[in-house]
Structures are given as structure tokens and as C-alpha cells.
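The primary structure of each chain is shown beneath.
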Amino acid sequence: MSEDRERLGQLPMAVIEPDGWKLPRGYSNGMLAPEGGRILFVAGQIGWDENQRLVEGGFVAQFARALANVVAVVNAAGGEAANVGRLTIYVTDCSEYLAQIKDIGRAYRSLMGSHYPAMALVEVQALLEPGAMVEIEATAVVS
């Protein structure tokens, strides 16, 4: 365990992939929390700032801010992006997500690095906040 990880109380999670399965791209099929970890449930975060104003710049900007908000909550609990075990991403338009996938990937990696937890992407008709296009909820494990 690195000194930074130890200082921040980080617990490594084990990636779980069934034998014989083709490895997924951009996510993990399972993440096993270490013994002694505390579970943090992060409410759905949208692409708004700390004053609850949606960011400008469209779909990718909202995705990046929503994910940054998730990471901010994890950080506030003493964790880091690597402590996220699950993400559920809700979008109002899957075709927009796919059309912007390269920019979304860059935004993702800038916040999460090469950490790919278990994930699901769900298209919804609408989100509660008018104008919101992306909402991300998470489960993390911190010490």
C-alpha cells in the first residue's frame, strides 16, 4: 500500500471477473470491497456547481461535472476515485452519449484515471432537474 493510500485510509478493491469471460472494456463486472471497509452511498449527482447551477457546455461538460461531484463526495468521506466500486450513469439520450464517447472517456480518465468500477448506463426519459442530461450515483468503500 502506498504511503498516500495509507495516509488517506484507502482500501484497495479487488476486481472480480469470472474465468473464461472476455474482459469488459471501460468497466469491471465486479468489485470486491476489502474487509473492514465502510460503504459510502453517493446520491445521484448532476452537472451542477456548488451553487446548484447547471454548467454550460453541453453533454460532456455535464458528465464531467457530475462525475467530479461524485468524486468530491468520496473525497469528503476520506476516499479517492479508486475507492468507487460502482457507478450508475443515467442519461437522457444514449445516442448523445455514444456520439460524445471519446470526449466522455477523456473526462472520465481525467477524474478516475484507469480505475474502472462496476458500471451501468441507463437511458431515462428525463431527470428531475430541468436541463440536466446526466446523473451519476455511486457506491464507494472507504476505511
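Our subject is the structure listed above.
Being a predicted model, the structure only gives us computed values, none of them experimental.

J.: Honestly, the layout of surface pockets in this entry has me stumped. Any pointers?
T.: A water-sized probe rolled over the atoms picks out the places where empty space is left. What the largest pocket holds in volume is close to 480 Å³. For the largest pocket, the lining is made up of 17 residues, of which Arg25, Gly26, Tyr97, Ile101 and Gly105 are closest to its centre. Looking at the lining of the largest pocket, the elements that each hand over two or more residues are helix H4 (101–112) and strand E5 (118–123). With seven residues, H4 is the largest single contributor of residues to the lining of the largest pocket. The residue makeup of the lining of the largest pocket, split by class, is eleven nonpolar, two polar and four charged.

J.: I keep staring at the pattern of salt bridges and nothing clicks. Help me out?
T.: Opposite charge on two side chains permits them to pair, given that their charged atoms come into close proximity. Under the counting rule described, the total for this entry stands at four salt bridges. Here Asp49 and Arg53 are joined by a salt bridge, their closest N and O atoms 3.9 Å apart. With a closest N to O distance of 3.9 Å, Glu137 and Arg86 form a salt bridge. Within this pair, whereas Glu137 is found in strand E6 (residues 134–142), its partner Arg86 is found in strand E4 (residues 84–91), the two being separated by 51 residues in sequence.

J.: Would you explain the side chain of Asp49 in this entry?
T.: Here Asp49 shows up in the loop between strand E3 (38–46) and helix H2 (59–76). Of the polar contacts made by the side chain of Asp49, one reaches the backbone nitrogen of Asn51; its length is 2.8 Å.

J.: Teacher, can you tell me more about H4 here?
T.: Taking 1.5 Å of rise per residue, twelve residues should cover 16 Å, and H4 covers 15 Å from first to last C-alpha, within 8% of that figure. Within H4, burial applies to Ile104, Gly105, Ala107, Tyr108 and Met112. Along the axis of H4, the buried positions cluster into a sector of 165°, meaning they face one direction only. Those residues of H4 that are exposed and angled more than 90 degrees off the buried face are Lys102 and Ser110. Summarising the contacts, the buried residues of H4 are in contact with H2, E4, helix H3 (94–99) and E5.

J.: What is the right way to read the sheet that holds E4 from this model?
T.: Two strands in a sheet stick together by hydrogen bonds in their backbones, pointing the same way (parallel) or opposite ways (antiparallel). Overall, mixed pairing links the four strands, which are arranged E3-E6-E4-E5 in an open sheet. Looking at which strands have only one partner, the edges of the open sheet turn out to be E3 and E5. Adjacent strand axes in the sheet meet at a mean angle of 10°, parallel and antiparallel pairs treated alike. The sheet contact formed by E3 and E6 spans seven bridges and is antiparallel. Note on E6: the bridge partner recorded for Ile39 is Val141.

J.: What is the right way to look at the environment of Ala118 in this model?
T.: The topology assignment puts Ala118 in strand E5. Placed 20 residues apart in sequence, Ala118 and Ala138 show a C-alpha to C-alpha distance of 9.8 Å.

J.: Hey, could you run me through the environment of Leu128 in this one?
T.: In this fold, Leu128 is placed in the loop between E5 and E6. Judged by relative accessible area, which is 85%, Leu128 ranks as exposed. Sequence separation of Leu128 and Ile46 is 82 residues, and the distance between their C-alpha atoms is 9.8 Å.

J.: I would appreciate a short explanation of the packing of H2 against H4 in the present structure.
T.: The description of two helices packed together rests on the angle between their axes and the distance between the axes. Across the interface, H2 lies against H4 with an axial gap of 9 Å and an inter-helix angle of 20°. Taken as axis vectors, H2 and H4 run roughly parallel relative to one another. Here the hand of the crossing between H2 and H4 comes out right-handed. Across from Phe59, Val60, Phe63, Ala64, Leu67, Ala68 and Val71 in H2, the residues of H4 making contact are Asp103, Ile104, Ala107, Tyr108, Leu111 and Met112. Of the residues contributing to the contact of H2 with H4, the split by class is twelve nonpolar, no polar and one charged.

Thresholds, definitions, all that
- Residues numbered from 1 in each chain as written.
- Predicted model: local features only at pLDDT ≥ 70, side-chain atom pairs only at ≥ 80, totals over all residues.
- Heavy atoms only, no water.
- 1 Å grid on protein atoms, 1.4 Å probe; cavity = no way out; pocket = protein on both sides within 12 Å on 5 of 7 lines; lining within 4 Å.
- Points joined across faces, edges and corners; volume = space filled by probe spheres on them.
- Helix = DSSP H or I, 4+ residues; strand = E, 2+ residues; numbered from the N terminus.
- Nonpolar A, V, L, I, M, F, W, Y, C, P; charged D, E, K, R; others polar.
- Salt bridge = Lys/Arg side-chain N within 4 Å of Asp/Glu carboxyl O.
- Polar contact = N/O pair within 3.5 Å; in protein donor to acceptor, adjacent residues only side chain to side chain.
- Expected span 1.5 Å × (residues − 1).
- Buried < 20%, exposed > 50% of the residue type's maximum accessible area, 1.4 Å probe, protein only.
- Arc of directions from axis to C-beta.
- Contact = heavy atoms within 4.5 Å.
- Pairing = 2+ DSSP bridges.
- Axes fitted to C-alpha atoms, helices over the stretch in contact; angles between N-to-C directions.
- Parallel < 35°, antiparallel > 145°, perpendicular 65-115°, else oblique.
- Left-handed = near helix turned anticlockwise from the far one by under 90°.

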